[in-house]
Amino acid sequence: MLRFNKTYFLLTILLFCTEVFIALFVHDNFIRPYFGDVLVVILIYCFIQTFFNLSKTKTAIYVLLFAFLVETLQYFNFITFLGLENNKVAKTIIGNSFSFHDLLAYVGGILITLGIEKIVSKKKETLQ
């Protein structure tokens, strides 16, 4: 069940750096709020696949449920409950406002992930 997958690890690092860049330097109305949310579920998926030998579909479902949970906590202003409403890092990581569009972005990110996994799987089958 435990493993270390170098490819997923490198993707995790690349996606994490991309997310940090977006958080620090991109202040627009599309890339940061939507593309960043698409990427974050892909980032979490790759992180899990780095260390755990789980099915791709199960991992995708777990990541999507986790993202929905975080968004739901934003709806209930969980960051204020934790007393972190003035903490910039916490606000960046946890978020501080619910958006239905974020849920759609998470679904989009998971669909992209599963699509890429399917393409990679078919290419591996072709090479064997």
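First, a word on what this report is: a plain description of the structure on this page.

The rules behind the values
- Residues numbered from 1 in each chain as written.
- Predicted model: local features only at pLDDT ≥ 70, side-chain atom pairs only at ≥ 80, totals over all residues.
- Heavy atoms only, no water.
- Helix = DSSP H or I, 4+ residues; strand = E, 2+ residues; numbered from the N terminus.
- Buried < 20%, exposed > 50% of the residue type's maximum accessible area, 1.4 Å probe, protein only.
- Contact = heavy atoms within 4.5 Å.
- Expected span 1.5 Å × (residues − 1).
- Arc of directions from axis to C-beta.
- Core = buried A, V, L, I, M, F, W, Y, C linked by side-chain atoms within 4.5 Å.
- Axes fitted to C-alpha atoms, helices over the stretch in contact; angles between N-to-C directions.
- Parallel < 35°, antiparallel > 145°, perpendicular 65-115°, else oblique.
- Left-handed = near helix turned anticlockwise from the far one by under 90°.
- Nonpolar A, V, L, I, M, F, W, Y, C, P; charged D, E, K, R; others polar.

A word on the environment of alanine 60
Phase 1 of the analysis: With respect to the helices and strands, the residue alanine 60 is situated in helix α3 (residues 56–75).
Phase 2 of the analysis: With a relative accessible area of 1%, alanine 60 lands in the buried category.
Phase 3 of the analysis: Taking C-alpha positions, alanine 60 is 9.3 Å from isoleucine 44, a pair spaced 16 residues apart along the chain.
Phase 4 of the analysis: Look past the residues within four positions of alanine 60 in its chain and what remains in contact with it is Tyr45, Ile110 and Leu114.

Observations regarding unusual backbone geometry
Phase 1 of the analysis: Unlike most non-glycine residues, asparagine 77 shows phi in positive territory, near 55°.
Phase 2 of the analysis: Of note, asparagine 77 is situated in the loop between α3 and α4 (78–81).

Considerations on helix α1 (residues 6–25)
Phase 1 of the analysis: Compared with an ideal rise of 1.5 Å per residue, which puts 20 residues at 28 Å, α1 spans 28 Å between its outermost C-alpha atoms and is within 8% of the ideal.
Phase 2 of the analysis: Of all the residues in α1, the buried ones are Tyr8, Thr12, Leu15, Glu19 and Ile22. End-on, the buried residues of α1 take up no more than an arc of 95°, which puts them together on one face. Turned more than 90 degrees away from the buried face of α1 sit Lys6, Leu10, Leu14, Leu24 and Phe25, all of them exposed.
Phase 3 of the analysis: Contacts from the buried residues of α1 go to α2 (31–51), α3 and α6 (100–127).

Notes on the nonpolar core
Phase 1 of the analysis: Counting 19 residues, the largest nonpolar core has Leu15, Val41, Ile42, Tyr45, Cys46, Tyr106 and Ile110 as the members making the most contacts within it.
Phase 2 of the analysis: Breaking this core down by element, the ones donating at least two residues are α1, α2, α3 and α6.
Phase 3 of the analysis: Looking at this core element by element, the count peaks at seven residues for α2.
Phase 4 of the analysis: Contacts of tyrosine 106, omitting those with residues within four sequence positions, involve Asp37, Val40, Val41, Leu64, Ala67, Phe68 and Glu71.

A few points about the environment of asparagine 29
Phase 1 of the analysis: Relative to the assigned elements, asparagine 29 resides in the loop between α1 and α2.
Phase 2 of the analysis: For asparagine 29, a relative accessible area of 71% translates into the label exposed.
Phase 3 of the analysis: Residues asparagine 29 and isoleucine 13 lie 16 residues apart in sequence; the distance between their C-alpha atoms is 25 Å.

Some details on the packing of α2 against α3
Phase 1 of the analysis: Axis separation between α2 and α3 bottoms out at 9 Å; the angle between their running directions is 130°. In terms of their interaxial angle, α2 and α3 are classed as oblique. Of the two possible hands of crossing, α2 and α3 adopt the one that is right-handed. Here α2 contributes Val41, Ile44, Tyr45, Ile48 and Gln49 to the contact with α3, which in turn contributes Lys56, Thr59, Ala60, Val63, Phe66 and Ala67.
Phase 2 of the analysis: For the contact of α2 with α3, the class distribution of residues is eight nonpolar, two polar and one charged.

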